[in-house]
Number of protein chains: 2
Amino acid sequence: MSDFTDKLRPKQPDGPEILTLERVGSDIAVRELAHHLLGQDGFLERQTRILPIVQKEPLFDKTRQQNLSRPERFKLALARAKQLRRLSDQYGWTLQEYKLAEYLVDDVSPYMLQMEMFATTIEEQGTDAQRAHWMPLVESWQVVGAYAQTELGHGSNVRGLELEARWDTENKCFVLHSPTLTSSKWWNGTLGRTANHAIVVAQLLLPHPNFPGQFVSHSPQPFIVQVRDMTTHQPLDGIVIGDIGPKYGYATMDNAYMLFDNFRIPHSALLSRYAKVDPETGHFSRHAVPAVVYGSLTAVRSRIVQHARLVLARAVTVAVRYTAIRRQFRDRDAPDTAPELSVLDYPTVQIRILPLLATTYALHYVGQAMQATYERTRSEIESGSFASLANMHSMSSGLKSLCTMLVADGIEVCRRAMGGHGYGGGSGLIQLNNDYLSKPTVEGDNWMITQQTASYLIKKMSAAVAAVDDSPADALDCQYKLFLQGRASGGSYRIFHEDYDLVRSFQRRATVLAHNAYVERVIKKRSWSSLMIQLHKLSRAQSQSILVSTFFDALNSENNLRLSEPLRRVLWDLFRLFALTTMETDSYDFLASQAASGAQLDILPARIQELMGRVRPHAVSLVDAWMIPDFLLDSALGRYDGRVYEDLFNRAHRQNPLNRMTVNPNYWEDEIVKGRDDMKSIRTKL
Amino acid sequence: MSDFTDKLRPKQPDGPEILTLERVGSDIAVRELAHHLLGQDGFLERQTRILPIVQKEPLFDKTRQQNLSRPERFKLALARAKQLRRLSDQYGWTLQEYKLAEYLVDDVSPYMLQMEMFATTIEEQGTDAQRAHWMPLVESWQVVGAYAQTELGHGSNVRGLELEARWDTENKCFVLHSPTLTSSKWWNGTLGRTANHAIVVAQLLLPHPNFPGQFVSHSPQPFIVQVRDMTTHQPLDGIVIGDIGPKYGYATMDNAYMLFDNFRIPHSALLSRYAKVDPETGHFSRHAVPAVVYGSLTAVRSRIVQHARLVLARAVTVAVRYTAIRRQFRDRDAPDTAPELSVLDYPTVQIRILPLLATTYALHYVGQAMQATYERTRSEIESGSFASLANMHSMSSGLKSLCTMLVADGIEVCRRAMGGHGYGGGSGLIQLNNDYLSKPTVEGDNWMITQQTASYLIKKMSAAVAAVDDSPADALDCQYKLFLQGRASGGSYRIFHEDYDLVRSFQRRATVLAHNAYVERVIKKRSWSSLMIQLHKLSRAQSQSILVSTFFDALNSENNLRLSEPLRRVLWDLFRLFALTTMETDSYDFLASQAASGAQLDILPARIQELMGRVRPHAVSLVDAWMIPDFLLDSALGRYDGRVYEDLFNRAHRQNPLNRMTVNPNYWEDEIVKGRDDMKSIRTKL
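Keep in mind the model is a prediction, meaning the values are calculated, not measured. (Residues numbered from 1 in each chain as written. Chains lettered and ligands numbered in written order. Predicted model: local features only at pLDDT ≥ 70, side-chain atom pairs only at ≥ 80, totals over all residues. Heavy atoms only, no water.)

### A closer look at the overall build of chain A
Scanning chain A from N- to C-terminus turns up 24 helices and 11 strands. Taking 2.2 N^0.38 as the reference for a compact globule, 686 residues should give roughly 26 Å; the C-alpha atoms of chain A span a radius of gyration of 28 Å, in line with that estimate. Along the first, second and third principal axes, the C-alpha set of chain A runs to 95 × 85 × 55 Å. Residue burial in chain A is summarised as follows: out of 686 residues, 62% are buried. Considering only intrachain contacts with a sequence separation of at least 6, the fraction spanning at least 24 residues in chain A is 72%. Of the accessible surface of chain A, which amounts to about 25300 Å², a share of 53% is contributed by carbon and sulfur atoms. Side chains of chain A carry 77 positive and 75 negative charges; the gap between the two charge centres is 1 Å. (Helix = DSSP H or I, 4+ residues; strand = E, 2+ residues; numbered from the N terminus. Rg over C-alpha atoms; globule rule 2.2 N^0.38 Å. Buried < 20%, exposed > 50% of the residue type's maximum accessible area, 1.4 Å probe, protein only. Contact = heavy atoms within 4.5 Å. Areas by Shrake-Rupley, 256 points an atom, 1.4 Å probe, with all protein chains shown as cover. Lys, Arg positive; Asp, Glu negative; His and termini not counted. Charge placed at Lys NZ, Arg CZ, Asp CG, Glu CD.)

### Some details on the relation of the copies chain B and chain A
Both copies of the chain are related by one operation, a rotation about an axis with a shift along it. Overlaying chain B on chain A yields an RMSD of 0.0 Å, the required transformation being a rotation through 180 degrees with an accompanying axial translation of 0.0 Å. What the superposition gives is, in effect, a two-fold axis relating one chain to the other. Residue Ser69 of chain B, judged by its C-alpha, is the member of chain B lying nearest the rotation axis, at 1.9 Å. In this assembly the copies share their binding face: 100% of the residues contributing to the interface of chain B also contribute to that of chain A. (Least-squares fit on C-alpha atoms with pLDDT ≥ 70 in both.)

### Some points on helix α14 (residues 475-484) of chain B
Because an α-helix packs 3.6 residues into every turn, residues spaced three or four apart end up facing the same way. Residues and elements named next belong to chain B. Within α14 the residues assigned to the buried category are Leu476, Asp477, Gln479, Tyr480, Lys481 and Phe483. Summarising the contacts, the buried residues of α14 are in contact with α13 (450-466), α15 (499-523) and α16 (532-555). Of the residues flanking the start of α14, the one acting as N-cap is Asp474, its side-chain oxygen 3.2 Å from the backbone nitrogen of Leu476. (Polar contact = N/O pair within 3.5 Å; in protein donor to acceptor, adjacent residues only side chain to side chain.)

### Details of the sheet that holds strand β8 (residues 256-260) of chain B
On the basis of which strands lie adjacent, the open sheet formed by three strands has the order β4-β8-β7 (chain B) and antiparallel pairing. Looking at strand neighbours, the two that pair on one side only are β4 (185-188) and β7 (239-243) of chain B, the edges of this open sheet. With strand direction ignored, the average angle separating the axes of adjacent strands in the sheet is 20 degrees. Sheet topology note: the β4 of chain B/β8 of chain B ladder contains three bridges and is antiparallel. Of the residues in β8 of chain B, the one forming a bridge with Lys185 of chain B is Met258 of chain B. Against the sheet, helix α23 (residues 644-655) of chain A makes contact with β4, β7 and β8 of chain B, and its axis sits at roughly 100 degrees relative to β8 of chain B, the strand it touches most. (Pairing = 2+ DSSP bridges. Axes fitted to C-alpha atoms, helices over the stretch in contact; angles between N-to-C directions.)

### Some details on the packing of helix α9 (residues 347-382) of chain B against α16 of chain B
Packed helices, taken two at a time, are described by their axes: the angle between them and the distance between them. All names here are of chain B. The interhelical angle for the contact between α9 and α16, taken along N-to-C directions, is 85 degrees, at an axis separation of 8 Å. Judged by the inter-axis angle, α9 sits roughly perpendicular to α16. From α9, Ala358, Tyr361, Ala362, Leu363, Tyr365, Val366 and Ala369 reach across to α16, where they touch Ile546, Leu547, Thr550, Phe551, Ala554 and Leu555. In the contact of α9 with α16, the residues fall into 12 nonpolar, one polar and no charged. (Parallel < 35°, antiparallel > 145°, perpendicular 65-115°, else oblique. Nonpolar A, V, L, I, M, F, W, Y, C, P; charged D, E, K, R; others polar.)

### Brief notes about the interface of chain B and chain A
Facing 160 residues of chain B, the contacting portion of chain A comprises 160 residues. Note on chain B versus chain A: buried area summed over both sides is about 13800 Å², and carbon and sulfur give 61% of it. On the chain B side of the interface with chain A, the three residues burying the most area are Tyr423, Tyr667 and Leu686 of chain B, jointly 7% of the side's total. Taken together, chain B and chain A are joined by 10 salt bridges. With a closest N to O distance of 2.4 Å, Glu72 of chain B and Lys685 of chain A form a salt bridge. The element contributing the most residues to the side of chain B that touches chain A is helix α4 (residues 70-91) of chain B, with 13 residues. In the side of chain B that touches chain A, the residues fall into 66 nonpolar, 50 polar and 44 charged. (Buried area = accessible area lost by both parts, 1.4 Å probe. Salt bridge = Lys/Arg side-chain N within 4 Å of Asp/Glu carboxyl O.)

### Points about the pairing of strand β3 (residues 173-177) of chain B
Residue and element names in this part refer to chain B. Counting buried positions along β3 gives four out of five residues, so the element sits mostly inside the fold. Here strand β2 (residues 164-168) runs beside β3; their pairing, made up of five bridges, is antiparallel. The residue of β3 that forms the bridge with Asp168 is Cys173. The loop that links β2 with its antiparallel partner β3 comprises four residues; one of these, Lys172, has a positive phi angle of about 55 degrees. Pairing of β3 with strand β9 (residues 263-266), which is carried by four bridges, proceeds in the antiparallel orientation. Among the inter-strand pairings, Cys173 is bridged to a residue of β9, identified as Pro266.

### A word on the domain arrangement of chain A
All names here are of chain A. As assigned here, chain A comprises domain 1 (27-116) and domain 2 (117-132 + 142-286). Of note, the centres of domain 1 and domain 2, computed from C-alpha atoms alone, are 32 Å apart. Counting residues at the interface gives 15 residues for domain 1, matched by 22 residues for domain 2. Interface of domain 1 and domain 2: buried area, both sides summed, is about 1400 Å²; carbon and sulfur atoms make up 58% of it. Here the side of domain 1 that touches domain 2 is composed, by residue class, of nine nonpolar, two polar and four charged. (Domains from an automatic or database assignment.)

### Topic: the UniProt feature "active site" (unreviewed entry) in chain A
All names here are of chain A. Within the UniProt annotation, "active site" (unreviewed entry) is assigned to Glu443. Residue placement: Glu443 occurs in the loop between α12 (430-436) and α13 (450-466). By relative accessible area, which is 36% here, Glu443 ends up partly exposed. Once residues within four sequence positions are removed from consideration, Glu443 is found in contact with Leu297, Val300, Arg301, Ile304 and Lys400. (UniProt positions renumbered as here; feature names shortened; annotations may be inferred.)

### Concerning the pattern of salt bridges
Evaluation of the coordinates by the stated rule reveals 100 salt bridges over all chains. The residue Arg521 of chain B makes a salt bridge to Asp333 of chain A at a minimum N-O spacing of 2.8 Å. Here Arg521 of chain B, found in helix α15, pairs with Asp333 of chain A, found in the loop between α8 (290-325) and α9 (347-382), and the two come from separate chains. You can call Asp333 of chain A partly exposed: its relative accessible area is 38%. Asp634 of chain A is the salt-bridge partner of Arg651 of chain A, the closest N and O atoms lying 3.4 Å from each other. Remark: Asp634 of chain A occurs in the loop between α22 (630-633) and α23 and Arg651 of chain A occurs in helix α23; sequence separation between them is 17 residues.

### Things to note about the sheet that holds strand β7 (residues 239-243) of chain A
Taken together, the three strands give an open sheet; going across it, the order is β4-β8-β7 (chain A), and neighbouring strands pair in antiparallel fashion. The open sheet is flanked by β4 (185-188) and β7 of chain A, the only strands paired with a single partner. Neighbour to neighbour, the strand axes of the sheet diverge by 20 degrees on average, direction disregarded. The pairing of β7 of chain A with strand β8 (residues 256-260) of chain A spans five bridges and is antiparallel. Across the sheet, Asp243 of chain A pairs through a bridge with Ala256 of chain A, a residue of β8 of chain A. Along the sheet, helix α23 (residues 644-655) of chain B contacts β4, β7 and β8 of chain A; its crossing angle with β8 of chain A, the most-contacted strand, is approximately 100 degrees.

### A look at the packing of aromatic side chains
Throughout the structure, instances matching the rule amount to 44 aromatic pairs over all chains. With a centroid separation of 5.5 Å and an interplanar angle of 80 degrees, the aromatic rings of Trp141 of chain A and Tyr667 of chain B are classed as edge-to-face. Residue Trp141 of chain A is located in the loop between α7 (128-139) and β1 (145-148), and its partner Tyr667 of chain B is located in the loop between α23 and α24 (679-685); the two belong to separate chains. Taken individually, Trp141 of chain A and Tyr667 of chain B each receive the classification buried, so the pair is uniform in this respect. (Phe/Tyr/Trp six-rings, centres within 6.5 Å; stacked < 30°, edge-to-face > 60°.)

### Here we look at the side chain of Arg352 of chain B
Tracing the backbone through its elements, the reader meets Arg352 of chain B in helix α9. Despite its burial, Arg352 of chain B pairs with no opposite charge; the closest candidate is Asp445 of chain A, at 4.5 Å N-O.

### Some words on the UniProt feature "domain: Acyl-CoA oxidase C-terminal" (unreviewed entry) in chain A
In the numbering used here, UniProt assigns the feature "domain: Acyl-CoA oxidase C-terminal" (unreviewed entry) to residues 503-667 of chain A. Within the segment residues 503-667 of chain A, helix and strand shares are 70% and 0% respectively, and the terminal C-alpha atoms sit 66 Å apart.

### A closer look at the pairing of β8 of chain A
Burial within β8 of chain A is extensive, with five of its five residues counted as buried. Here β8 of chain A shows two buried faces, one formed by Ala256, Met258 and Phe260 of chain A and the other by Tyr257 and Leu259 of chain A.

### Here's the deal with the environment of Tyr518 of chain B
All names here are of chain B. Structurally, the position occupied by Tyr518 is in helix α15. Take Tyr518: its relative accessible area is 9%, and that puts it in the buried class. When the C-alpha atoms of Tyr518 and Ile546 are compared, they prove to be 20 Å apart, with 28 residues separating the residues in sequence. In this structure Tyr518 touches Ile458, Met461, Ser462, Val465 and Ile523, once residues within four positions along its chain are discounted.

In structure tokens:
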């Protein structure tokens, strides 16, 4: 429909003109930086190759999807996921390529668990025979599986799971049974509507060797179970399954509930690589390799840490581009004829967005470090050494907690910094926010798992105290011993002049908190519960210290020293901005641990403002380098070409289905939409 | 459908048993407290009376509304809003009663602007004749109106609006015209689909008295304009209007865009109580009473401050009840046979929820103080004195910014503290969160408006410096002068022993920040822009100080001294908890301004933990006292009777529409829902 708005243009200068000036005004080589960030494992090349394939597929069109109901979103997602798999077959994609296509389509896939925990668990915990039987079915999606562990009443505390798998000696089978409502499986992705099989984690109950009729629990064990009929797709008799309903985000995922009523599964259902039940005697045996499971949790947390940078980069890309374009008010001290300022020139906007821009880079380098640690530890484990496992587990737990918090909060900070339009559907941040807000909770609640980090650090401190004069076992041991020997005297770091002193300052503060926690717990024997807040702070401080030191190390690495001079200069500024703004949030902590002086903390805000001024001219280039395609951003505010207002107007005027109906505004009349009687159908949905 | 799950019960002790024990375990008189909080203006009595009327209306059933699409939610909301108005007619409700019913139904009403800014603006800025013509039509909803001020390109900066209202001397009318795309009206609630009239704010352009053909802008002025046909409800020729599309929240509100193509409106359209155009000469005259407009903005901000307590109370009610019921892990230092702990007993859960519980009370008392200030100032203005207006404007701006931030962030903290189920649809916090997240932006962006507070405080400090020995003009002047005279020596507050010293500590810190800002701006002539972050902190500190001192004053008032002893004791603990946790967030600030000592700040966490231990046994009673009905909470986790798991299961198993369809999981087949071909209709919606 054509009308007089067709010929209207935004007030000048418009977005494209402004972004061009921003890009010209920075001496950063965006391609070089993009290659540096995303070139190493071929990500950038893959994205370039796969984007056009995905983009031309009508089913992946995102234009109006915000207007769909949750059931419609789910059905669409299932259709999309099928199409993705077909494209994968057609193009012969590797798993990496398939994942990249999925990332661009940006639906949480209803098949997600099939590709992740279902396959992984069979691989890791199945016997050779079980692997040989199941894996071809899984890989060809003949079997679609889920992972059913958490229950309505138990999430974090896996040992508290209530679902029972009782060994029936007579019939030589296990009987799955849900004794209570709270024992219902809950949250299990892919299972609500899609899967026909599941790994079911249940308390293994075996007959008591001495007291007939009594059973002994051998803790939760994984079983592979067919849960739906392969033809009708209906739950099998004795099983109730369904989708748990709408959630904050994850509209496209069918998280499940599932209960069993004395449901029999064969002996072969128990995944038996490490835990076996003798079918004749009912005797339990275990090759205790908890390290494997341990390692698998750590793998998930490491992946979350590595995944964080591109999520935050997406939000920051939108925020930087839009706030560069958006003008509002002229400078209060400027003459009346001055043009309005770009809102990104306001320090109150900079202080919210630019530290997050720096955080995307900090997350990038810590993700790389996490991956390197993971791979090193993994290969050590495979050669029989478990020495580094505890360190990796501690690191991945603390970083998972801190990084997901930084990103989840960061997306919302970006959204709010964009004012009104940040609240609109054109921001591209709504689904990102809603989906990502699951991350602080899943795979170990962010507050709960910091105990694991703190526990490790207290052990390390105890060991350092016990052998203070022995040669250090590792870097952390060395850091603790230097402190204990009084050789790391606090209060003298030149944090504004020596970049390495920022690293030392963060290490000092984390060490002091570790020592305080050690004193409280080990020396004063304080209860664990009463220390929990302190332990959380310790984990946070240690993880911040890791972020700062891995950022520093990366900038000093060979790889980075090869970068062009303007690039290295701004990366160092980002390092400083990240470290100093992180410090400012906990100023008193740094003072109390002699990691910074009062005089330094007093001028911290001024130094931060100065740094922001140096980073500001490069902000647009620094987000461009993340190379997030418009198709993924799906954002009027963040699009590469800067046509913010044209896009917002187009979405509203030409793409909004609500504008196709004319309402009847008279309250004394029942009619809602003129000439249509669709309230009846809505009433039936209530 | 009946199945084996019907007979299952949650693991014991269940929710009802636990909440009963919690309630019995506290010596707080909930009814007394509820009456204290909500009895004064009859709120509680109104709620009790209106709840059953609203609750029995099938159209207001919330059971499945999370599954509706945005267009469906809007249509439902329009039907509900019509029904509310009919009930209002039927029962002869006052405006307060109508508002209460709307609050319980919990949809943002598509008629909202009709009842608010549309009516208010005519009342305040219309001539007697204009009022007489329009108000009966507005009150009977014969005319449905909106308020169209913000534009695609301009929100905060009203002076920058682009829409033109040009006086046509020949035809003696105004011509509304949108010269650019960015001049499109944008965000205007009620206008997208519902309204047939609007107040349209446009730059008044009048012929230049000396240069024929040229026009002079007389700044933005309000016009009342019919925008849609009264029969067809189509936009009038020369007007394009529509709904802007999906947003973060506010699904039920039709926020609009609107453009004009040389659209003529009569001379009578200009609301002319204060601004007039002579139809003969085109001459502009104004009785300058900007105070009225000023006062109207302040009124909106005051209402937001007063509204905040019940929003946060809703989130805290859910969080407290659920975390009291939820058990996870046993105490690490307890024997293996110990029961699992209520998660609200973990300090890491307490530190997130209990300070927010205290905040609901702080918000209550500051809301009362804000209302008192508003009414006093209003009556002063009506008797011709504008002396207090600047103070009220400053106070309402700073508090709007701080309080909406506390509530918006607080809802999300509550949600995350509830772990997995906090992410589910049964939390009751999803819509609350999504809707409330508009508040930090609307009616003055939370970062932008703190400049108004800071500007006022700098003026007050300048005045105090200029007349340091004169007798104080008001309480703030007194506070500043005592500081300037060196009589308020810092560093000696007994914050853990004297409650009033907490007030003094907060005042000291706010005063020091005000003085610093004064020195930078007035003495050192620093640019306004460069000080913005500092000014934001100043506003925040001043507003925190107001929250602490109004809380303190309220607890010392006659009204509170009449409360029973256990109640007063716990209210004082809440006061301390609020003040000390607020202090902890900015510890370094308090140290640097000598408002607290290092020794005090070192033991702050321990004192906070001790206070939380004292508040914990009363937590359930303290949320019960807010008397938020289950109908409003719409939360499985927060329901009064504690049947958390039964309700979650019921929502999933019996009420989730997704479970009515069986999918086809085979990726090599097109079929999505077995036996149905509804993908076609979804594809057309893309």
